[in-house]
Amino acid sequence: MQRISFLLAVATGLALAGCAHPPASVRNSLGMEMVRIPAGEFLMGNDATPQQLAQQYPAYEPRRLEALADEAPVHRVRITRPFYMGKHEVTVGQFARFLVASGYVPESVADGTGGYGYNPQYDPRTPPRGDAFEGRQPRYSWRDPGFAQTDAHPVVNVSWNDAVALARWLSQTEQRRYRLPTEAEWEYACRAGTRTYYHAGDDPAALAGVANVFDADSAALWPQWQAYALPTHDGYAFTAPVGSFAPNAFGLHDMHGNVWEWTADWHEDDYYARSPVDDPPGPADGAVKVRRGGSWHSWPLYARCAYRNWNAPSTRYTLVGIRLVMEAPE
């Protein structure tokens, strides 16, 4: 395995370094296809008022529409260097190959506390958490989130620290720098030249065919949230195999839905008001890391390009996964 990884790393390095015209995509030693994202400018964030949002999201209580202030102000961002980004979210099979090759032990296993999982007998209204999923329990981990998954499904129950460990190992193995995307890179890649709520348009109905979000299939298991469900059937009550839905204009799949994706950035409510124009790195420190994109269990409001959510770096959850960036050569 190590020899194969080394040979693939060498081949990848030669392909990237020796081309006058960099390849549109490369496949790495774990089988991840990395798509080249060009440098460019875009308007980051969202400053729609709660009243404007209510026109697209009439089922949502005002308090939910008023709790989005950290998406503002809209501000110009310049991504000054091209980069490669995973065409898909990291899969169960790719994560398993990483663990075998590296010897790394995921946090859900290493600390003995496990992760979260789906249990059809669990009542999400149970106090004190009222969480949709059961946990943390040792029975749940990246291997078993309580629902069926194959090697082609996106890995979940992985912490931010697990994601960083994966990027670090790939960097050492392939002699190319892998990392999590910054929040700005993530939103730039998600929008792919658009300025709408989703890369497919403003109407939540535009998610049909491009995103695995909370829809009629998921609502059958959580009928108390039926009012927020996309009124379509995408065929998946839980995660879908990566690439099951149409990509955006950059060729990236599942930028909306399927699983939340960790970013490199700490979260601060007011960071946008003072972030630099060029390649914003995020706050210098903080308590929680930003995750983006929504998941198979996310209501459409929370799968928008601009929506920001966050968790502690040690969090492992049934909805959270990984998408990596590989830096392009100078």
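Residues numbered from 1 in each chain as written. Predicted model: local features only at pLDDT ≥ 70, side-chain atom pairs only at ≥ 80, totals over all residues. Heavy atoms only, no water.

Asker: Honestly, the overall build of the chain in this entry has me stumped. Any pointers?
Answerer: Counting its regular elements, the chain contains eight helices and 13 strands. Against the globule reference of 20 Å for 330 residues, the chain gives a C-alpha radius of gyration of 19 Å, in line with a compact fold. Taken along its principal axes, the extent of the C-alpha atoms in the chain is 55 × 45 × 35 Å. Evaluated residue by residue, the chain yields a buried proportion of 55% over its 330 residues. Across the chain, every contact between residues at least 6 apart in sequence was considered, and the portion connecting residues at least 24 apart equals 74%. Here the chain displays about 13600 Å² of accessible surface, and carbon together with sulfur accounts for 54% of that area. (Helix = DSSP H or I, 4+ residues; strand = E, 2+ residues; numbered from the N terminus. Rg over C-alpha atoms; globule rule 2.2 N^0.38 Å. Buried < 20%, exposed > 50% of the residue type's maximum accessible area, 1.4 Å probe, protein only. Contact = heavy atoms within 4.5 Å. Areas by Shrake-Rupley, 256 points an atom, 1.4 Å probe, with all protein chains shown as cover.)

Asker: Help me out: how do you make sense of the environment of Gly93 in this one?
Answerer: Of note, Gly93 is situated in helix H4 (residues 92-102). Here Gly93 falls in the buried class, since its relative accessible area comes to 3%. C-alpha of Gly93 to C-alpha of Glu71: the two residues are 22 residues apart in sequence and 34 Å apart in space.

Asker: For this particular structure, what's the right way to read the state of the cysteines?
Answerer: As used here, a disulfide is simply a covalent bond connecting the sulfur atoms of two cysteines. Within this structure, the stated rule accounts for zero disulfides. Take Cys190: it sits in no disulfide, and the sulfur closest to it among the cysteines is that of Cys305, at 3.5 Å. (Disulfide = S-S within 2.5 Å.)

Asker: Can you help me understand the packing of H4 against helix H6 (residues 160-174) in this one?
Answerer: Describing two packed helices takes the angle between their axes plus the distance from one axis to the other. Where H4 contacts H6, the axes come no closer than 11 Å and their chain directions differ by 65°. Two packed elements cross with a definite hand, and for H4 against H6 that hand is left-handed. Residue-level inspection shows Phe95, Phe98, Ala101 and Ser102 of H4 in contact with H6, the latter providing Asp162, Ala165, Leu166 and Trp169. Residues of the contact of H4 with H6, tallied by class, amount to six nonpolar, one polar and one charged. (Axes fitted to C-alpha atoms, helices over the stretch in contact; angles between N-to-C directions. Left-handed = near helix turned anticlockwise from the far one by under 90°. Nonpolar A, V, L, I, M, F, W, Y, C, P; charged D, E, K, R; others polar.)

Asker: What is the right way to read the pattern of salt bridges from this model?
Answerer: Two side chains carrying opposite charge are able to pair once their charged atoms lie near each other. Under the criterion given, the structure shown has 23 salt bridges. Where Asp111 meets Arg316, a salt bridge forms, and the shortest distance between an N and an O atom there is 2.9 Å. Here Asp111 is found in the loop between helix H5 (107-110) and strand E6 (115-117), whereas its partner Arg316 is found in the loop between strand E11 (309-311) and strand E12 (320-321), with 205 residues between them in sequence. Since its relative accessible area comes to 1%, Arg316 is described here as buried. Among the ionic pairs, Glu261 bridges to Arg323, the shortest N-O distance being 2.8 Å. In this pair, Glu261 sits in strand E9 (residues 260-266) while Arg323 sits in the loop between E12 and strand E13 (325-327), placing the two residues 62 residues apart along the sequence. (Salt bridge = Lys/Arg side-chain N within 4 Å of Asp/Glu carboxyl O.)

From the geometry alone we can't say anything about function, so treat these as descriptive.
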